[in-house]
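# A closer look at the structure
Here is how the chains run, residue by residue.
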Amino acid sequence: MSDPSNSLKYRRVLLKLSGEALMGDEAYGIDPKVIDRLANEIAELCKQGVEIAIVIGGGNIFRGTGLAASGIDRVTADHMGMLATIMNSLAMQDALERVNLHARVMSALKINQVCEDYIRRRAVRHLEKGRVVILGAGTGNPFFTTDSAASLRAIEVGAELLIKATKVDGVYSSDPVKNSDAVRYDSLNYDEVIERKLGVMDTTAVVLCRDNHMPLRVLDMTKPGSLLKAARGEDEGTLVSNA
């Protein structure tokens, strides 16, 4: 019997999920159908031998910048956003465990009555043992987005690919929802992303990836099989790299 892992290009990936993506058709919170479908997609990746770390945003519950705009102190608002990511991470852990995957939530904030503290070496060890590692609370610092946290953690744990799972099928020249003439890119380099202000991730996240040679693939999380195709190195969504 052939080894399915032979078809993999990337053996360790970090998956970045936005909090808003978990809402599905709901106006707030988590759509159980969405998180269950994601859990099954991740389970398929694990069966193929991919080691998976996940960073989830908190925008479906609280977004720090939005709260700050309403008058809340920015540091306080960002801490509230970090706690929202912990809530999402615990929900994802539960969904993964219901499909018989071992998952660990690790937090950049000390909240060890509900999850582990983030320690890089321990996170890597969990991955080596086949556990899905869900990294919550962003970087643990205000003023940094979960995109920046995803780039940072991908580099720290030695991921070979950063996947940003969104509701669109790649990077466009402008918002395809607002502009029907927007052009989708099959590939880009990081300098083009910065110069064209394409909004793939915030600039800090993009520069971290560029300077550490971390490839990024932006894809549609609602498309079945897209994560596995990305792990196999197939042409799915948009690839951003130093090439």
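In this report, the structure presented in the accompanying data block is examined. (Residues numbered from 1 in each chain as written. Predicted model: local features only at pLDDT ≥ 70, side-chain atom pairs only at ≥ 80, totals over all residues. Heavy atoms only, no water.)

## Here's the deal with the sheet that holds strand β6 (residues 161-166)
- Taken in spatial order, the 9 strands of this open sheet run β4-β3-β5-β2-β1-β6-β10-β11-β9, and their pairing is mixed. Each having just a single partner strand, β4 (116-117) and β9 (187-189) make up the two edges of the open sheet.
- Taken together, the 2 bridges between strand β3 (residues 103-107) and β4 define a ladder with parallel strand orientation. By the bridge assignment for β4, Met-106 is matched with Glu-116.
- Docked against the sheet, helix α5 (residues 146-156) engages β1 (12-17), β2 (51-56), β5 (132-136) and β6, running at close to 175 degrees with respect to β1. (Pairing = 2+ DSSP bridges. Helix = DSSP H or I, 4+ residues; strand = E, 2+ residues; numbered from the N terminus. Contact = heavy atoms within 4.5 Å. Axes fitted to C-alpha atoms, helices over the stretch in contact; angles between N-to-C directions.)

## Examining helix α4 (residues 120-128)
- For α4, every residue scored as buried is listed here: Ala-123, Val-124, His-126 and Leu-127. The arc that holds every buried residue of α4, seen down its axis, measures 155 degrees, which confines them to one face.
- In this structure, the buried side of α4 is in contact with β1, β2, β3, β4 and β5.
- Phi turns positive one or two residues past the end of α4, at Gly-130, with a value near 85 degrees. (Buried < 20%, exposed > 50% of the residue type's maximum accessible area, 1.4 Å probe, protein only. Arc of directions from axis to C-beta.)

## Some words on the packing of helix α1 (residues 32-47) against helix α3 (residues 74-98)
- Running from N to C, α1 and α3 cross one another at 60 degrees; their axes reach a closest spacing of 9 Å. As summarised for this structure, α1 and α3 are arranged oblique, according to the angle between their axes. Viewed along their axes, α1 and α3 form a crossing whose handedness is right-handed. Residues Ile-35, Asp-36, Leu-38, Ala-39 and Ile-42 of α1 touch α3, and the partners they reach there are Ala-91, Met-92, Ala-95, Leu-96 and Arg-98. (Parallel < 35°, antiparallel > 145°, perpendicular 65-115°, else oblique. Left-handed = near helix turned anticlockwise from the far one by under 90°.)

## Considerations on the pairing of strand β10 (residues 216-220)
- Counting buried residues along β10, 5 of its 5 residues qualify, which places the element largely inside the surrounding structure.
- In β10, alternate side chains face the same way, and those of Leu-216, Val-218 and Asp-220 on one face and Arg-217 and Leu-219 on the other are all buried.
- Where β6 and β10 come together, 5 bridges link them in parallel fashion. Across the sheet, the residue bridging to Ala-165 is Leu-219, located in β10.

## Structural notes on the nonpolar core
- In terms of nonpolar packing, the biggest core is built from 37 residues, with Leu-17, Ile-42, Ile-54, Met-92, Leu-96, Val-132 and Ile-134 touching the most fellow members.
- Mapped by element, the contributors of at least two residues to this core are β1, α1, β2, α3, β3, β5, β6 and α8 (226-231).
- Looking at this core, the element that brings in the most residues is α1, giving 8 residues.
- Ignoring any residue separated from it by four or fewer positions in sequence, one finds Met-92 in contact with Leu-17, Ile-35, Leu-38, Ile-42, Ile-54, Ile-56 and Ile-134. (Core = buried A, V, L, I, M, F, W, Y, C linked by side-chain atoms within 4.5 Å.)

## Quick word on the pairing of β3
- The buried fraction of β3 is high, at 4 of 5 residues.
- One ladder, built from 5 bridges, connects β3 with β5; its direction is parallel. If you follow Val-105 over to β5, its bridge partner there is Ile-134.

## Some words on the pattern of salt bridges
- Considering all chains together, one arrives at 17 salt bridges under this definition.
- Glu-192 is the salt-bridge partner of Arg-196, the closest N and O atoms lying 3.4 Å from each other.
- Residue Glu-236 pairs with Lys-223 through a salt bridge whose shortest N-O separation is 3.2 Å. Of this pair, Glu-236 sits in the loop between α8 and β11 (238-241) while Lys-223 sits in the loop between β10 and α8, placing them 13 residues apart in sequence.
- Among the residues examined, Glu-236 registers a relative accessible area of 6% and is labelled buried.
- Overall, the relative accessible area of 35% leaves Lys-223 in the partly exposed class. (Salt bridge = Lys/Arg side-chain N within 4 Å of Asp/Glu carboxyl O.)

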